[in-house]
Structure formats: C-alpha cells, structure tokens
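Residues per chain, in single letters:
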Amino acid sequence: MFSGLQPTWLPELGPSLPRQKSVPLRYVTVLVLLLVASACRNNDALTKAEALQRGDELVERKQYGEAIAFYQAAVASDPRDGVARLKLASTYRYAERWGEAIREGIRAADLLPDDQDAQLLGIWSLLSQERYLDVVERASVMLKRTPDSPALLVHFANAKARFSNSTFVLSRLDEAWRLGRDAESVRLHLRPEVAQSDDRAAEAAFRRALEIDPTMSDARLGLAGLLWAVGRLDDGAVVLQEQADEEPGHAFLNRTLGLFYVSRSRHAEAEKYLKVAAALGDRDSRLALADFFIRGNRGEEALPILNEIAAGEDPGAGVALRAADIELRLGRREQALQRAEKILAREPNNPRALRIKAEVLFSSGAFDQALRVADAAVAAGPGASEARAVLARSLLATGDLGRAFDEFAEAYRLNPSDAQVTRDLANLALALNRDKVALEFARTSVRLDPNDRGASVALVKALIRARDFSTADRTLAPLLAKESTSADLLVLLAAIQASRGGHDVARSTYLRALQADRHSFEAVSGLVALELEDRQIARARQRIDQAVLEHPSDPGYLLLAVRVSRAEGDAPRAESTLRTILAKDPAHVVAALELADVLTRQNRREDATRVIDQALARRPSSLELQVVQANLLEETGHIAEARTRYEKIVAAHADAYAVSARLAALYANQGDNLDVALGLASTAKQGAPDDPAMGDALGWVYVRKGLPRLAIQHLEEAVRAEPANALFRYHLGIAYQKGSQSQKARGELTRALGLDPNFPGAADARAALNTLSR
C-alpha cells in the first residue's frame with residue numbers, strides 16, 4: 001500500500017515548502033481525538049480496525065491531518081501494531097511533519113522486520129538522521145533478500161556516500177552558487193573523511209539501481225551528486241542534464257544545472273536551463289536568472305525579473321536594492337535614489353540603501369553629502385566592502401587622501417577579488433607617494449582583471465615611479481598599439497621619456513597628448529613639471545595661467561599654479577591662490593596642507609596652525625591634517641600637546657611610520673621613554689627603510705641611549721640621502737662627539753649651522769662646538 005511514497009529527493013517537498021493556509025493540523029488532531037473519545041463514552045467506540053479504515057479513507061482524500069488522528073488512536077489502542085505505526089509514519093510524511101515521520105518510521109521498521117515497505121521507511125528515517133552505519137547494516141541485510149530493489153540500492157548508496165538524501169550535494173552547491181559563496185570550498189568540506197572504497201561502493205549501487213530502473217530519479221540525482229562530490233564535475237553534469245531534460249517542469253534540477261554551467265563559463269547552456277527554471281515561477285530560480293543577466297552586463301533583462309519579484313514578498317528589500325544597483329549601473333540615478341529613499345523611510349539605517357544613496361550623491365557631484373551618507377552606511381554595515389569603497393571615493397573627492405586610503409584598504413580586505421578597489425588603491429598610493437604599495441596593488445589589479453585598461457595604466461605609472469622603465473614600456477606598448485592617439489597613454493609615454501632624460505622628446509609627446517585632448521590635466525601638469533625642472537619658469541607661468549583661465553574653478557589646475565608660484569618664490573601669490581581654493585572648499589585637505597606649508601616657510605606658524613585647525617574642524621579624521629597639526633604644535637613650542645597628539649596618532653595608525661619616527665625623536669629630545677622610543681624608531685625604520693627620516697630618528701635614539709656606535713651607521717646613511725638637511729648633520733655631529741671622533745663632529749656641526757643657522761637644535765650645535773674647541 002505504501003510503496004508509492006512520495007519521492008524524497010524533491011526539495012520542494014522538504015520542510016521549507018509554503019503550505020496553504022488552513023486550520024493547523026494539531027487542532028484537527030485534537031478535535032478528531034476528542035470525537036473518538038466521545039464515541040467511546042457513548043458506547044459507540046471505534047475499534048482499532050475501524051480507526052485504521054477511517055484513516056485509510058481520509059488518506060485517499062488527502063485529508064492527512066484528520067487521518068493522522070485516527071491512526072494515532074489505533075496506535076494508542078495497540079502500541080505493538082507495526083502496520084498501524086507504518087501507516088501513521090507514512091501519513092506524517094504526506095503532511096510534511098518530518099520529525100514525527102522519522103520517529104514513527106523507525107518504530108514501524110523495528111516492529112515489522114520482514115516488511116519491505118516498513119524497512120524502506122525505517123531506512124529512510126535513519127538516513128534522515130544521518131545514522132549511516134545503521135542504514136548500511138539494515139540495507140545490506142535486506143539486499144541479500146531482494147538484491148534487485150532499486151530503492152534499497154539507492155538508500156545503501158546514499159549511506160555509503162554519507163548523503164542524508166539523494167540531493168544532498170546538489171542542494172548545497174545550488175545554494176552556494178546562488179548566494180555567491182565559494183562553491184569549491186563547500187564541495188570539499190561536504191563529507192569529511194569518506195573512504196574512496198565507500199565512494200566506489202556508492203557509485204556501483206547507484207549505477208546498479210539505474211540498470212534495474214533507468215528512469216529512477218533518486219538514483220540518477222544521487223549519482224550526479226556523488227560525481228560532483230568526488231570532483232568529477234563534468235561527468236556529474238551529464239547525468240544531471242539527462243534528468244533535467246526528462247523533467248523540464250522541475251525548477252530545482254534546471255536551476256542547479258544552469259548554475260553549474262555558469263560556474264564553468266558555459267554561458268549558452270547556463271542561460272537555457274536557468275530560463276527553463278525561471279519560467280516555472282520559482283523565486284530562487286528567477287533570482288538566479290536575474291543574477292546571470294547581471295553578471296553578463298545585461299541589466300536591462302534582469303530589471304523586469306527583479307521588479308516582478310520585488311512587487312511581492314521582499315524580505316529586507318534585498319531584491320529592490322539589487323534592482324537599484326542595476327539602475328545605478330545603467331545611469332538611472334533618480335530611479336535608484338527613489339528606491340533607496342523608499343526603503344530608508346521604513347528602515348533609516350538600512351546599510352545597502354544608504355550606500356546606494358551615497359553612490360547617487362557621489363555620481364551627482366555632491367561629495368560632502370555623499371561623504372555623510374557613506375559614513376552612515378559604513379556605521380550601519382561595517383562589513384560591506386561596497387560601502388567602504390564609496391566612502392573612500394567620497395573622501396578622495398573631498399581631499400582626505402589618508403583616510404580614503406584606509407577605507408580602500410579595508411574594502412580590499414573585505415573583498416580582495418574586487419579589481420576596481422585594487423586599482424583605486426594603486427592610484428591613491430601613487431598620489432600618497434607610497435610607491436612600493438602602489439606597485440603591489442597595481443600588479444594585483446592586473447592579475448584580477450587582465451583586460452582592465454585602468455589597471456594596466458596604474459601599473460605603468462607605478463613602474464615609472466619604481467624606475468623600471470623597460471617593464472613600463474612593455475606594459476604600455478600593447479595599449480598604445482590599440483590607441484595611438486589616446487591622451488592619457490601619450491602622457492605615460494612622455495613620463496617614461498622624461499624620466500630617461502629625454503626632455504625634448506617628452507615635451508613633444510605631451511604636446512601630442514594636448515592635441516588629442518586639450519583639457520588633459522596630466523599633459524599640462526607634465527609640461528609644467530618639465531619646464532620647472534629645466535628652469536623655464538616663465539614658460540611654465542604662461543602655460544598655467546592659460547590653463548587656469550580655461551578651468552578657473554578646478555582645484556587641480558589651481559594647485560598646479562601654486563607649484564609654479566612657489567618655484568617663482570612668490571609666496572604671496574601662492575597663498576592667495578590657496579585661499580581661493582579654500583574659500584570655495586574650506587575642507588580641501590591638500591590645499592590646507594599646502595597653505596600651512598607656505599605659511600610655515602614664512603615662519604608664520606600660528607597662521608598655519610589656524611589653517612590646519614579650520615580644516616580639521618571639517619575633516620576630523622584626516623590623518624595628514626592631524627600629523628601637520630602635531631608638527632606645528634611641536635615647532636611652536638607646545639611640546640606636551642604635540643606629544644599627546646603624536647601618541648594618539650600612533651595608537652590609531654600602527655603604520656604611520658613618519659609619526660612614529662617623529663614621536664621617537666621627541667622622546668629622545670626629552671631624554672624620556674627611550675626604550676619606547678627605540679621600539680617606535682625601529683618599527684618605523686623597518687616599515688620605511690628607504691626614508692632617511694626613519695634612519696635619523698633611530699640613530700638619534702641610539703645617541704640619547706649612549707650607544708653612538710650603533711647610531712653612526714644610521715645617521716651617516718640619512719645624511720648621504722639628504723646632505724642639505726641641517727638637523728640630520730647635527731645629529732650625526734653629536735654621535736661623532738659621543739663616539740670620540742672630535743674632528744668629524746666639528747665638521748658636521750659646522751656644516752649644519754652653515755646650512756641653516758636657525759634650525760631646531762642650532763643652539764645645542766653651537767654649544768657642542770664650543771665644547772669641542774676647548
């Protein structure tokens with residue numbers, strides 16, 4: 001009677017299947033039991049046979065809840081009746097009450113050891129509990145009696161393979177592919193420590209079941225899952241495709257096969273099966289097809305699917321937000337913003353909606369607003385790399401390069417496969433003169449996406465900085481072969497030529513770039529740099545004045561004009577231009593830093609401090625502004641406050657090596673915390689070994705610890721790198737003095753005072769010279 005149990009492999013028959021609204025089964029059961037009890041009180045009690053008969057009739061009418069109550073009554077009257085328990089267990093399965101079905105199935109099998117149906121149900125129950133050894137034992141016994149039972153062979157195979165059901169592997173890989181997880185990692189960890197002999201036995205049993213019944217779905221799906229589990233992916237797909245072609249009306253099979261083909265980049269086959277699955281109306285399958293279109297840059301085809309799904313149940317507004325992302329890519333900013341705002345009206349801290357709103361604001365040029373919203377998005381969802389990236393871009397647009405780098409770095413840590421973020425990191429590292437970091441990220445970006453033109457351009461720039469001109473040439477050549485008149489590529493070619501000393505040919509190439517794009521800032525900047533280096537300052541002034549006339553509000557051109565003014569020695573003009581930038585954008589970090597430097601060089605440190613304080617009020621998280629503020633406090637004699645600021649920065653930024661070195665030197669100057677100072681300076685030297693300031697700080701700490709021999713090596717290295725640095729020469733002079741090398745000490749101290757009679761430490765240098773002269 002029960003050999004026609006519904007197949008266990010269909011996921012739609014699992015516990016997650018939505019059920020039609022009806023009176024809960026437990027109420028029906030209680031009601032029927034009450035009726036049975038009432039009949040007993042009225043001397044019209046149902047016998048066990050009558051209860052079973054009534055249950056059978058109700059099962060025929062698919063009234064499973066009512067049938068269960070009568071079967072329960074029969075079991076209650078005779079708990080040792082295996083047939084009654086078998087019927088109860090089977091009906092629990094029909095009613096999708098899986099836990100009760102499993103429990104009663106095992107009891108029925110124990111009571112009916114010779115009943116094929118009972119044993120099959122019992123084995124299914126044990127398999128559902130992952131009691132694989134018990135299944136193998138029972139199935140082996142039964143197979144001796146009925147060796148050609150396909151159902152037994154499948155149960156035996158599943159147990160040997162450590163599958164709780166025939167779709168164990170398929171369903172988990174399907175989920176991994178749909179959710180964007182690492183499906184290969186999932187596959188490798190599905191069945192730890194399964195012996196190869198068990199897998200061979202499982203495969204043999206699945207294939208034997210198919211020989212007996214070639215149409216048996218459980219056997220075919222279990223075999224496909226086993227082949228995938230052991231790494232025979234294409235073989236498994238062949239088996240699964242046979243089943244999917246025979247059952248075009250089953251969404252799960254077609255979707256899983258389509259997702260497999262996506263993972264193998266077999267896009268035509270993937271689309272075929274995903275479309276079949278989606279046409280059946282299954283939500284997961286429609287989303288899978290939409291994602292397929294999205295990955296293929298077919299957003300126009302994905303949007304109608306997402307809109308239809310979002311119109312129904314959309315937990316967390318995830319589908320609507322996915323549609324908003326597509327609208328952003330298609331340039332439909334208003335539609336994307338409307339979706340985000342609608343969600344934010346209900347959920348003000350929805351991180352994805354905040355991120356989309358920030359992206360719309362950023363793309364509209366509202367950088368300050370984008371920054372505020374992106375900050376909120378990251379606060380609401382700190383683990384989202386996309387939010388970190390839009391925050392980083394907003395910070396970059398508002399001039400906060402240091403924090404922008406930190407946010408890009410965090411976005412990369414969260415998603416190291418994002419080629420765009422990696423490329424942005426490379427370009428920003430170049431802007432921050434972190435050349436080695438730039439080269440590393442540029443190479444990674446090219447590896448992640450070899451066809452990304454921007455990544456190759458960033459790599460060429462980084463190679464030029466690294467003075468690896470041969471590799472830069474080889475990387476640039478294929479790009480120029482395709483786009484010989486592209487302005488940005490010609491600028492790179494000119495930079496290589498200029499770096500090799502070919503200023504005339506580089507100038508000609510820059511001019512070709514301007515012919516291709518008269519608004520190329522990089523070409524103008526390159527020409528101005530060449531002219532300043534060649535001391536053709538008047539020509540540089542003429543060029544930048546013309547460029548500023550054409551771009552009067554562009555801070556990039558204005559900052560370039562400041563560079564020319566400083567080369568001319570015209571500090572008032574440089575100051576005026578920088579104040580023009582800050583008048584329009586008071587939070588422009590680069591302009592604030594430049595103006596502070598201009599003022600400091602005029603010994604107007606109080607004015608410089610006010611500029612930095614004003615910028616910090618708007619950009620409190622800017623590391624560059626914090627560092628300059630601490631430097632100015634130190635230079636204006638506010639040593640205790642400067643020390644506190646340095647300590648705070650170092651605590652928050654372990655890789656702020658310049659600050660670590662500065663704090664170490666300050667400790668050394670005060671003769672305080674020398675062991676801490678040595679740790680800071682050593683870390684800074686290791687982190688930035690080519691920066692002479694790191695070596696100077698480490699050497700100076702050794703001097704103050706009374707270890708001049710260890711100091712001299714580092715200080716000599718710093719002086720060789722920057723021979724015109726008076727402070728470095730002073731530190732080396734004191735090291736020579738402490739090391740009893742008086743003649744060398746006099747020479748270095750004299751040179752230091754000759755370079756700058758007023759450098760910090762000049763008074764101590766004069767005192768040391770007087771001591772050496774006695």
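Data block above holds the structure.
Residues numbered from 1 in each chain as written. Predicted model: local features only at pLDDT ≥ 70, side-chain atom pairs only at ≥ 80, totals over all residues. Heavy atoms only, no water.

Close contact between helix α18 (residues 318–329) and helix α20 (residues 351–363) brings their axes to 10 Å; oriented N to C, the two are set at 15 degrees. Taken together, the axis directions place α18 and α20 in an arrangement best described as roughly parallel. Of the two elements, α18 crosses α20, and the hand of that crossing is left-handed. Contacts from Gly-318, Leu-321, Arg-322, Ala-324, Asp-325 and Leu-328 in α18 reach Arg-352, Ala-353, Arg-355, Ile-356, Glu-359 and Val-360 in α20. (Axes fitted to C-alpha atoms, helices over the stretch in contact; angles between N-to-C directions. Helix = DSSP H or I, 4+ residues; strand = E, 2+ residues; numbered from the N terminus. Parallel < 35°, antiparallel > 145°, perpendicular 65-115°, else oblique. Left-handed = near helix turned anticlockwise from the far one by under 90°. Contact = heavy atoms within 4.5 Å.)

Further remarks concern the nonpolar core. Ranked by internal contacts, the top residues of the largest apolar core, which has 109 residues, are Ile-464, Leu-476, Ile-544 and Leu-578. Here the element with the most residues in this core is helix α28 (residues 487–499); it accounts for 10 residues. Listed in part, the 97 residues of the second largest apolar core include Ala-101, Leu-152, Ala-157 and Leu-233. (Core = buried A, V, L, I, M, F, W, Y, C linked by side-chain atoms within 4.5 Å. Buried < 20%, exposed > 50% of the residue type's maximum accessible area, 1.4 Å probe, protein only.)

This next bit is on the packing of helix α42 (residues 726–738) against helix α43 (residues 742–755). Two elements in contact, α42 and α43, have axes whose closest approach is 8 Å; the angle formed by their N-to-C orientations is 160 degrees. Considering the angle they form, α42 stands roughly antiparallel to α43. The hand of the α42/α43 crossing is left-handed. Contacts between α42 and α43 involve Ala-726, Arg-729, Tyr-730, Leu-732, Gly-733, Ile-734, Tyr-736 and Gln-737 from the former and Lys-744, Ala-745, Glu-748, Leu-749, Arg-751, Ala-752 and Leu-755 from the latter. Across the contact of α42 with α43, the residue classes break down as nine nonpolar, two polar and four charged. (Nonpolar A, V, L, I, M, F, W, Y, C, P; charged D, E, K, R; others polar.)

By the secondary structure assignment, Gln-116 is in helix α6 (residues 116–128). Gln-116 sits 315 residues away from Ala-431 along the chain, and the two C-alpha atoms are 76 Å apart. Residues in contact with Gln-116, not counting those within four places in the same chain, are Met-142, Thr-146, Ser-149 and Leu-152.

Even without being glycine, Ser-265 reaches a positive phi, approximately 60 degrees. Here Ser-265 shows up in the loop between α14 (251–263) and α15 (267–279). Look at Ser-265 and you get exposed, because its relative accessible area is 52%.

Moving on, we come to the packing of aromatic side chains. The tally for this structure, following the rule as stated, stands at 13 aromatic pairs. Taking 5.0 Å as the distance between ring centres and 25 degrees as the angle between the ring planes, the aromatic pair formed by Trp-228 and Phe-260 counts as stacked. Of the two residues, Trp-228 sits in helix α12 (residues 217–229) while Phe-260 sits in helix α14, which places them 32 residues apart along the sequence. With centroids separated by 6.0 Å and ring planes inclined at 55 degrees, the aromatic side chains of Phe-292 and Phe-293 adopt a geometry described as tilted. Look at Phe-292 and you get buried, because its relative accessible area is 6%. The exposure class assigned to Phe-293 is buried, which follows from its relative accessible area of 4%. (Phe/Tyr/Trp six-rings, centres within 6.5 Å; stacked < 30°, edge-to-face > 60°.)

What follows deals with the pattern of salt bridges. Following the criterion strictly, the structure yields 74 salt bridges and no others. Here Arg-107 ties to Glu-104 by a salt bridge, and the two come within 2.9 Å at their closest N and O atoms. Taken together, the residues span about one helical turn, with Arg-107 and Glu-104 both in helix α5 (residues 98–111) at a distance of three residues. Taking relative accessible area as the criterion, Arg-107 reaches 38% and is therefore assigned partly exposed. Residue Glu-104 is classed as buried on the basis of its relative accessible area of 6%. Residue Glu-635 is joined to Arg-662 by a salt bridge in which the shortest nitrogen-to-oxygen separation is 3.4 Å. A residue pair is termed long-range when its members are at least 10 positions apart, and Glu-635 in helix α36 (residues 623–635) and Arg-662 in helix α38 (residues 657–670) qualify at 27 residues. Glu-635 gets classed as partly exposed once you look at its relative accessible area, which sits at 38%. In this structure Arg-662 comes out as partly exposed when scored by relative accessible area, which is 27%. (Salt bridge = Lys/Arg side-chain N within 4 Å of Asp/Glu carboxyl O.)

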